[in-house]
Amino acid sequence: QEKEKLVHDTRKRFEQEYFQDNSSKYDSRDVERLQKDDGWVESYLLWRHNVIEEALKMIDESFRWRKEIAINDVSESIIPRWCFEVGATYLHGYDKEGNKLFWLRVKLHVRDAKTNDDKKKCVAFWLERYAKREPGKLLTVVFDMAECGLSNVDMDFVRFVINCFKIYYPRYLSKIVIFEMPWIMNAAFKIVKGWLGPEAINMLKFVNRNEIQDYISAEYLLPHMGGTDPFKYSYPPLPDDDFKTPMCENGPITSEDELESKEESEVDTRDAVDSCTSEESALKPRKMNCTEDLFKHEDSEKTDSKLKNNRKASTVFKGPLLHISPAEELHFGSKESGERKCTIVLNNVTKNTVAFKVRTTAPDKYRVKPSNSSCEPGSTVDIVVSLHAASIASLQDRFLVMAAEMEHSSGTGTQELAQFWKELPRNKIMEHR
């Protein structure tokens with residue numbers, strides 16, 4: 001009740017004290033969202049310790065900036081192509097706490113007042129894109145300062161990045177990891193500490209090759225940082241390492257086309273299986289965490305019973321097409337228990353058939369049964385996720401569910417589903433990570 005009152009009072013005072021006399025200084029879409037999105041209001045309040053006056057100042061400054069930079073209309077096509085091609089700013093990988101990494105390759109930045117606005121807009125593009133895809137999920141900023149010099153460090157640009165998290169995108173910053181900062185930059189980063197303020201000082205982590213793995217595992221570190229990540233930035237397309245390939249019922253695959261051809265070649269032999277497994281289709285949660293569970297694998301009947309009991313305590317993601325349980329995490333058992341499966345429940349809350357398919361950041365590790373199917377109106381179906389061979393679940397693994405309503409004439413066979421996804425407009429797809 002106290003939280004609801006704070007949100008209500010913040011909205012009311014913003015309208016009375018700021019909006020009425022300054023409506024032209026804000027984007028109407030931001031004002032409308034502020035009135036509807038409780039989480040957005042709460043993010044400003046929490047960042048300012050629930051002091052409404054301070055939160056309102058932040059909202060005012062943030063909204064003015066959003067209008068000035070036209071953030072609601074910023075797209076890949078508006079930003080100069082070179083901003084993406086240089087590869088100085090991008091999202092890729094996760095830290096050990098499961099937070100997305102926002103990379104700033106400092107040696108690729110060149111201090112130039114003429115291009116500063118474009119570089120700032122590029123940073124804003126990435127943050128806005130992430131905020132829409134993963135609302136409320138924390139980011140870890142990595143300043144990779146290896147091989148950089150004074151010509152690469154632009155304090156005005158650094159201050160802009162700090163302000164993005166202090167004002168424009170509150171409650172998104174997990175920490176700032178600064179890799180191999182040259183000693184000559186010590187004085188400059190004393191200024192950065194002042195910009196962050198005393199409360200955020202502990203978010204700064206100065207590390208070298210020996211220390212960075214305290215925060216980021218080798219699988220998401222580039223070789224020059226002592227890591228094993230084979231990722232090499234290139235553009236186009238925009239790097240989207242999260243969910244590259246669909247998952248397969250019978251083991252890892254390399255591409256979606258291969259999945260479709262494989263399913264078509266096996267369609268006759270799987271008719272009997274499909275009649276049973278079509279009732280098992282389901283969906284994936286926002287993220288997957290590996291946690292030791294209490295399951296003990298004895299036989300399939302007992303396992304099914306335990307999985308169903310486990311659902312009762314699960315959280316539920318309530319999407320416009322599907323309700324998904326659990327909402328955020330998959331729990332696999334320990335090595336001692338031998339349990340290597342878990343289940344996810346999908347509930348179609350529409351009056352139409354919903355097609356879905358599942359993607360993952362680690363397609364070599366998991367099997368899903370089934371992975372590309374449909375769900376009838378009002379029905380509840382299950383999906384079984386199992387670890388493949390000797391694979392071990394990782395905190396960094398992620399799953400994506402793509403879902404869309406189908407017309408009755410579309411058909412739900414393998415070929416019909418493949419054609420449906422090829423022709424489906426992007427804005428018709430519900431995604432849950």
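Coordinates for the structure precede this section.
Residues numbered from 1 in each chain as written. Predicted model: local features only at pLDDT ≥ 70, side-chain atom pairs only at ≥ 80, totals over all residues. Heavy atoms only, no water.

**Q** Explain the overall build of the chain here, please?
**A** When its secondary structure is counted, the chain shows 12 helices and 15 strands. Counting all 433 residues of the chain, 52% fall into the buried class. Counting contacts in the chain only where the partners sit at least 6 residues apart, residues at least 24 apart contribute 75% of the total. Of the roughly 21,400 Å² of accessible surface on the chain, a fraction of 49% belongs to carbon and sulfur atoms. (Helix = DSSP H or I, 4+ residues; strand = E, 2+ residues; numbered from the N terminus. Buried < 20%, exposed > 50% of the residue type's maximum accessible area, 1.4 Å probe, protein only. Contact = heavy atoms within 4.5 Å. Areas by Shrake-Rupley, 256 points an atom, 1.4 Å probe, with all protein chains shown as cover.)

**Q** Whenever I open this one, the pairing of strand 1 (residues 89–94) confuses me. Can you help?
**A** The side chains of a regular strand alternate, residue by residue, between the two faces of the sheet. Among the 6 residues in strand 1, 6 count as buried, and that is most of the element. Summarising the sheet, strand 1 and strand 2 (residues 100–105) pair through 4 bridges and their orientation is antiparallel. Residue pairing across strands places Thr 89 opposite Leu 104, the latter belonging to strand 2. Turn length for the strand 1-strand 2 hairpin, with the two strands adjacent in sequence and antiparallel, is 5 residues, and the turn residue Gly 98 shows positive phi of about 85 degrees. (Pairing = 2+ DSSP bridges.)

**Q** How do you make sense of the packing of helix 1 (residues 2–22) against helix 2 (residues 28–36) when you look at a structure like this?
**A** When two helices pack together, their arrangement is given by the angle between their axes and by how far apart the axes lie. Between helix 1 and helix 2, the least distance of the axes is 10 Å, while the angle of their chain directions is 155 degrees. Here helix 1 lies roughly antiparallel to helix 2, going by the angle between them. Contact residues: helix 1 offers Arg 11, Phe 14, Glu 15 and Phe 19, while helix 2 offers Val 31, Leu 34, Gln 35 and Lys 36. Its residues assigned to classes, the contact of helix 1 with helix 2 comprises 4 nonpolar, 1 polar and 3 charged. (Axes fitted to C-alpha atoms, helices over the stretch in contact; angles between N-to-C directions. Parallel < 35°, antiparallel > 145°, perpendicular 65-115°, else oblique. Nonpolar A, V, L, I, M, F, W, Y, C, P; charged D, E, K, R; others polar.)

**Q** Help me out: how do you make sense of the sheet that holds strand 1 in this one?
**A** The strands making up a sheet associate through hydrogen bonds between their backbones, and the pairing can be parallel or antiparallel. Across the sheet, 5 strands lie side by side as 1-2-3-4-5; this open sheet has mixed pairing. The open sheet has two free edges, formed respectively by strand 1 and strand 5 (204–207), since each of these has just one partner strand. Geometrically, the sheet is characterised by an average inter-axis angle of 25 degrees between neighbouring strands, direction not taken into account. Relative to strand 4 (residues 173–179), strand 3 (residues 139–144) runs parallel, the two sharing 6 bridges. When the sheet's bridge partners are listed, Asp 144 is paired in strand 4 with Phe 179. Along the sheet, helix 7 (residues 155–168) makes contact with strand 2, strand 3 and strand 4, crossing strand 3 at roughly 170 degrees.

**Q** Could you clarify how one ought to interpret the packing of aromatic side chains in this entry?
**A** The relative placement of two aromatic rings is captured by the distance of their centres and the angle of their planes. Inspection of every chain in the model, using the stated rule, returns 23 aromatic pairs. Arranged with centres 5.6 Å apart and planes meeting at 70 degrees, the rings of Phe 125 and Trp 126 form a pair that is edge-to-face. Just as Phe 125 is buried, Trp 126 falls in that class too. Between Tyr 366 and Phe 399, the aromatic rings sit 5.1 Å apart at their centres with planes inclined by 70 degrees, giving edge-to-face as the arrangement. (Phe/Tyr/Trp six-rings, centres within 6.5 Å; stacked < 30°, edge-to-face > 60°.)

**Q** What exactly am I supposed to notice about helix 7 here?
**A** For the α-helix, the turn length of 3.6 residues means that residues three or four positions removed from each other point alike. For helix 7, which comprises 14 residues, the first-to-last C-alpha distance of 18 Å matches the rise-based estimate of 20 Å (1.5 Å per residue) to within 8%. A maximum bend of about 25 degrees is found in helix 7 at Ile 162. Of all the positions in helix 7, only Phe 157, Val 158, Phe 160, Val 161, Ile 162, Cys 164, Phe 165, Ile 167 and Tyr 168 are classed as buried. (Expected span 1.5 Å × (residues − 1). Bend = angle between axes of the 7 residues up to and from the residue.)

**Q** Sorry, what's going on with the nonpolar core here?
**A** Nonpolar side chains in soluble globular proteins tend to be buried together. Grouped together as the largest cluster of nonpolar side chains are 85 residues, with contacts concentrated most on Phe 102, Phe 143, Met 145 and Phe 165. Considering each element in turn, this core owes the most residues, 9 residues, to helix 7. Setting aside chain neighbours within four positions, we find Met 145 in contact with Val 106, Val 153, Ile 178, Phe 179, Glu 180, Met 181, Pro 182, Met 185 and Phe 189. Among the nonpolar cores identified, the runner-up in size contains 25 residues, and Phe 317, Leu 346, Val 381 and Ala 393 belong to it. (Core = buried A, V, L, I, M, F, W, Y, C linked by side-chain atoms within 4.5 Å.)

Keep in mind these values describe shape, not function.
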